[in-house]
Amino acid sequence: MVQIRKVGPLIGVEVSGVDIRALDDAGFAAIYRAWLESNVLVVTGQALTIHEFLAYSRRFGVVSPHPSKSTRHPDVPEITELGTGKFNADGSLNQAIYRRGAEGWHTDGAYDDIPFKATQLFALAIPDTGGDTLFASGYAAYDAMPQRLKQRLEGVNGAFTYGGRTKAQALLNPEDRDRAPALHPIIRTHGETGRKSMYFDPGKILYIQGAEPAESDDLIGELTELMIQPDGQYRHKWRVGDVVIWDNRCSYHKAAGDYPPEQDRIHWRTSIKEPVQ
Ligand SMILES: O=C(O)CCC(=O)C(=O)O
Ligand SMILES: [Fe+2]
């Protein structure tokens, strides 16, 4: 039997009792609506081949290979593998892989002119402890902005790069480093829900366009403080077979990154864009 339940106060919905390979258009439309309303959609208990996961991801938009070429699946470049190749040849832990997504709250692809609409993960192996993914609502962040800040930032862009102010780019090939920043409005109206959210990523932002450097730093500090609202959070504890998609236009996330490194934590991952109009 299909069951749908909310798993967080403002975001997060879990669907069980469905086989996503067999969803007809009406069934998928219901899932898609629940996702738009809830920002993070968990479907439990799936057994998928890589091509089935890809086909399901394509129902949400255009699957686009991730710029980190070294972590793409060798046979299916639209799939990124998380958690494989965690050890270097000398046996030491590759921190860039082990801690991927765990450096801080972020949104995926802010360095691109068209950032990802969504990211979807399928859990293949999960450690005994740790390894959760944390999510937070960008709508709740917008709602928490004081009126003064909303007025200051309405129509104002932030400039974003892959490595932001720390310039961390370990997972990129040399030819993909040092690209020009992408500009995105900090206050962003969601194209499908019509709701305003705070579009922000403290690890990727370089500056607020048009602000003096000191004010830009202050604004970035203020946005960083506001972005994670307690009510706006959902923490996902993984089970093998979970498929989780988040709406990257109106949410933030981070990996907890706290699991025993000798254990496997492996996901297939797709980056999904909106079709170009
Ligand atoms: O591994 C995770 O929990 C999430 C990693 C992440 O940030 C991503 O896949 O975009
Ligand atoms: Fe991410």
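Reference entry: report on the structure contained in this document. (Residues numbered from 1 in each chain as written. Chains lettered and ligands numbered in written order. Predicted model: local features only at pLDDT ≥ 70, side-chain atom pairs only at ≥ 80, totals over all residues.)

## A look at the sheet that holds strand β12 (residues 205-208)
An order of β9-β8-β12 is seen for the three strands of this open sheet, with the pairing classed as antiparallel. Each edge of the open sheet is held by one strand with a lone partner, namely β9 (182-185) and β12. On average, each strand axis in the sheet is tilted by 30° relative to the strand beside it, whichever way the strands run. Bridging between strand β8 (residues 157-160) and β12 involves three bridges; their strand directions are antiparallel. Counterpart to Ala159 in the pairing with β12 is Tyr207. (Pairing = 2+ DSSP bridges. Helix = DSSP H or I, 4+ residues; strand = E, 2+ residues; numbered from the N terminus. Axes fitted to C-alpha atoms, helices over the stretch in contact; angles between N-to-C directions.)

## A look at unusual backbone geometry
The phi dihedral of Asn39 is positive, around 75°, even though this residue is not glycine. Mapped onto the elements, Asn39 comes out in the loop between α1 (25-38) and β3 (40-43).

## Thoughts on the sheet that holds strand β15 (residues 251-255)
Strand order in the open sheet formed by three strands is β13-β7-β15, with antiparallel pairing between adjacent strands. A strand with exactly one partner marks an edge of an open sheet, and here the two such strands are β13 (233-236) and β15. Across the sheet, the mean angle from the axis of one strand to that of its neighbour is 15°, orientation sign disregarded.

## Some details on the site of ligand 1
Residues in contact with ligand 1, as listed here, are Leu82, Arg100, Gly101, Asp108, Thr119, Thr133, His253, Ala255 and Arg269. Of the residues assigned to the shell around ligand 1, the class counts are two nonpolar, four polar and three charged. (Near = placed C-beta within 6 Å. Nonpolar A, V, L, I, M, F, W, Y, C, P; charged D, E, K, R; others polar.)

## Quick look at the environment of Val62
Residue position: Val62 is located in strand β4 (residues 62-63). Through-space distance from the C-alpha of Val62 to that of Val276 is 9.0 Å; in sequence the pair is 214 residues apart. Once you skip the residues sitting within four places of it in the chain, Val62 turns out to touch Ile272, Lys273 and Pro275. (Contact = placed C-beta atoms within 7 Å.)

## Examining the environment of Ser57
Mapped onto the elements, Ser57 comes out in helix α2 (residues 50-58). Of the residues examined, Ser57 has 24 C-beta atoms within 10 Å and is grouped as buried. Contact partners of Ser57, with chain neighbours within four places excluded, come to Val63, Gln120, Thr270 and Ile272. (Buried ≥ 20, exposed ≤ 12 C-beta atoms within 10 Å, placed from the backbone.)

## Points about the nonpolar core
One finds Val40, Leu41 and Met198 to be the most contacted residues of the largest nonpolar core, which totals 54 residues. Beyond its immediate stretch of four places on either side in the chain, Leu41 contacts Val13, Val15, Ile31, Ala34, Trp35 and Ile245. (Core = buried A, V, L, I, M, F, W, Y, C linked by C-beta atoms within 7 Å.)

## Some points on helix α6 (residues 213-226)
Compared with the 20 Å implied by 1.5 Å per residue over 14 residues, the 20 Å span of α6 between its first and last C-alpha is a close match. For α6, the full list of buried residues reads Leu219, Ile220 and Leu223. Projected onto a plane normal to the axis of α6, the buried residues spread over an arc of 100° and lie on a single side. Every exposed residue of α6 that faces more than 90 degrees away from the buried side is listed here: Ala214, Gly221 and Glu225. (Expected span 1.5 Å × (residues − 1). Arc of directions from axis to C-beta.)

## Some details on α1
In a regular helix each residue adds 1.5 Å, so 14 residues correspond to 20 Å; α1 covers 20 Å between its end C-alpha atoms and thus fits that length. Among the residues of α1, those classed as buried are Ile31, Trp35 and Ser38. Take α1 and look down its axis: the buried residues cluster within an arc of 85°, on one side only. Turned more than 90 degrees away from the buried face of α1, the exposed residues are Asp25, Ala26, Ala29 and Arg33. Packed against the buried residues of α1 are β2 (13-16), β3 and β14 (243-247). With its phi angle positive at about 75°, Asn39 sits one or two positions after the end of α1.

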